[in-house]
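Read off the chains here:
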Amino acid sequence: MKNIVILISGSGSNMAAIVKTAKRDDWAGKWGARVAAVISNKPDAKGLQWANQQGIATEVVAHKHYANRAAFDTALAQSIDRFELPGNPALVVLAGFMRILTPDFVAKYQGRLLNIHPSLLPAFAGLHTHQRAIDAGCKFAGATVHWVTTALDDGPILAQAAVPVLPEDSADTLAARVLTQEHLIYPQVIADLLRKI
Ligand code: NHR
Ligand code: GAR
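Sequence order sets the numbering: in each chain, residues are counted from 1 along the sequence as written. Think of it this way: whatever chain is written first is A, whatever ligand is written first is 1, and the rest follow in order. Per-residue local features of the predicted model are confined to residues with pLDDT of at least 70, and side-chain atom pairs are confined, for both listing and counting, to 80 or more; whole-chain, interface and lining totals are unaffected and use all residues. As a rule here, side-chain values come from all non-hydrogen atoms in the structure, and water together with hydrogens is ignored.

Colleague: Is there a simple way to think about the packing of aromatic side chains in this case?
Modeller: For any two aromatic rings, the description comes down to two numbers: the centre-to-centre distance and the angle of the planes. Pairing of aromatic rings covers Phe, Tyr and Trp, the last through its six-membered ring, and needs centres within 6.5 Å; plane angles under 30 degrees mean stacked, over 60 mean edge-to-face, and all others mean tilted. All chains considered together, the criterion is met by two aromatic pairs. On the basis of an interplanar angle of 55° and a centroid distance of 6.2 Å, the ring pair of tyrosine 66 and phenylalanine 72 is categorised as tilted. Using a 1.4 Å probe on the protein chains alone, a residue whose accessible area is under 20% of its type maximum counts as buried, one over 50% counts as exposed, and one in between counts as partly exposed. Assessed through its relative accessible area of 31%, tyrosine 66 is described here as partly exposed. Ring plane angle 45° and centroid distance 4.8 Å describe the contact between phenylalanine 105 and tyrosine 109, whose orientation is recorded as tilted. Pair noted here: phenylalanine 105 and tyrosine 109 are both in helix 5 (residues 103-109), with a separation of four residues, about one helical turn. Here the two residues phenylalanine 105 and tyrosine 109 agree in accessibility, since each one is buried. Each helix is a run of H or I in the DSSP string that is no shorter than four residues. Each strand is a run of E no shorter than two, and both are numbered from the N terminus.

Okay, here's the thing in structure tokens:
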């Protein structure tokens, strides 16, 4: 059995999509994995309540309580490592997680640290991706699942989904369209990875 630890900062809809997929009878056996914990850097992240209701362990590691990024990342790693099984490192999944991680943290989890980013990388790394895609006149936008490396939103791409940008789109309407695709591709990538690792 593998443990999956999901890091969130907000609503946690990608986290919920992964949890629901992991619980599906037809997938659970194939996954050989469970979502062991959901950890948030924000105490008020909505996704924490939902995860709690599902009986999943939740923890808050509030970045504001730490003097610098290194101290926060050390505490975050300690929290994650409590949910690892002996001899079986957990998959660490960023799902709407909003803190840039230090090279030391990334090195510790390299090869088992995933992110979903709301753009068609390498276009629009960083923040405010949907407004930037609209402003650039893009006709397509989307989401990318990638390995996390020290360089932001730059790791090897595992999957992408594209959606049209419509003339009347706001950042919010485009984000909602992209999000529906995120909920499909992220569980799929994790299922594929779990078969291999
Ligand atoms: N860390 C590393 N080292 N590499 C990546 O590829 C990472 C990462 C941490 C998070 C997610 C990423 C995204 O999908 C991610 C990828 C936060 C920021 C950011 O600027 C940028 C990209 C991502 C996540 N965060 C601000 C910071 O100072 C805080 C912004 C806020 O709190 O709203 O950390 O988009
Ligand atoms: C998702 O669109 C995700 O790709 C994006 O935030 C949303 C989180 O939604 N991630 C980032 O912007 C990371 N910087 P969720 O909390 O409902 O999964």
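Now that the structure has been shown, the text picks up again.
Colleague: I tried to follow the pairing of strand 6 (residues 140-147) on my own but got confused; where do I start?
Modeller: The side chains of a regular strand alternate between the sheet's two faces. Counted residue by residue, strand 6 has seven buried out of eight residues, so it is predominantly covered. Pairing between strands is defined by DSSP: at least two bridges between the two strands are required. Of the strand pairs in this sheet, strand 5 (residues 113-117) and strand 6 are connected by four bridges, and their pairing is antiparallel. Pairing of isoleucine 116 across the sheet is with valine 145, part of strand 6. The pairing of strand 6 with strand 7 (residues 157-164) spans seven bridges and is antiparallel. For threonine 144, the partnering residue across the bridge sits in strand 7 and is glutamine 160.

Colleague: I keep staring at the nonpolar core and nothing clicks. Help me out?
Modeller: As a rule of thumb, soluble globular proteins bury nonpolar side chains together. Counting residues in hydrophobic clusters, the biggest one holds 37 residues, and the most contacted among them are Ile4, Ile6, Trp31, Val38, Val93, Tyr186 and Ile190. Per element, the largest residue contribution to this core is nine residues, and it comes from helix 7 (residues 171-196). Setting aside its immediate chain neighbours within four residues, tyrosine 186 contacts Asn14, Ile18, Val93, Leu94, Ala95, Leu114, Asn115, Ile116 and Val145. Only buried Ala, Val, Leu, Ile, Met, Phe, Trp, Tyr and Cys residues count toward a nonpolar core, and they belong to the same one when joined by side-chain atoms within 4.5 Å. Among the nonpolar cores identified, the runner-up in size contains 22 residues, and Phe72, Ala75, Phe83 and Leu113 belong to it. By definition, residues are in contact when any of their heavy atoms lie within 4.5 Å.

Colleague: Sorry if this is basic, but what is going on with the site of ligand 2 here?
Modeller: Looking at ligand 2, the residues that line it are Ser11, Gly12, Ser13, Asn14, Gly96, Phe97, Met98, Ile116, Pro118, Leu179 and Glu182. Any N or O atom pair separated by 3.5 Å or less is treated as a polar contact, with the protein-specific requirement of one donor-capable and one acceptor-capable atom, and with residues adjacent in sequence counted only for side-chain atom pairs. Within the side chain of serine 11, a nitrogen or oxygen atom sits 2.7 Å from an oxygen atom of ligand 2. Within the backbone of glycine 12, one N or O atom sits 2.8 Å away from an oxygen atom of ligand 2. Protein chains shield 83% of the accessible area of ligand 2, which is 440 Å² for the free molecule. Only protein atoms enter the 1 Å grid used here. Points where a 1.4 Å probe fits but cannot escape make up a cavity, open sets with protein on both sides within 12 Å along at least five of seven lines make up a pocket, and a residue lines them when an atom lies within 4 Å of a point. Grid points define the cavity or pocket, and a molecule sits in it when more than half of its atoms lie within 2 Å of them. The cavity that encloses ligand 2 is the largest pocket. Contributions of two or more residues to the shell around ligand 2 are made by helix 1 (13-23) and helix 7. The residue classification treats Ala, Val, Leu, Ile, Met, Phe, Trp, Tyr, Cys and Pro as nonpolar and Asp, Glu, Lys and Arg as charged. All others, Gly included, are polar. Class assignment of the residues belonging to the shell around ligand 2 gives a composition of five nonpolar, five polar and one charged. By convention in these notes, a residue is near a molecule or strand provided one of its non-hydrogen atoms lies within 4 Å of it. Areas reported as accessible are Shrake-Rupley estimates using a 1.4 Å probe. Residue values count occlusion only from the protein chains shown.

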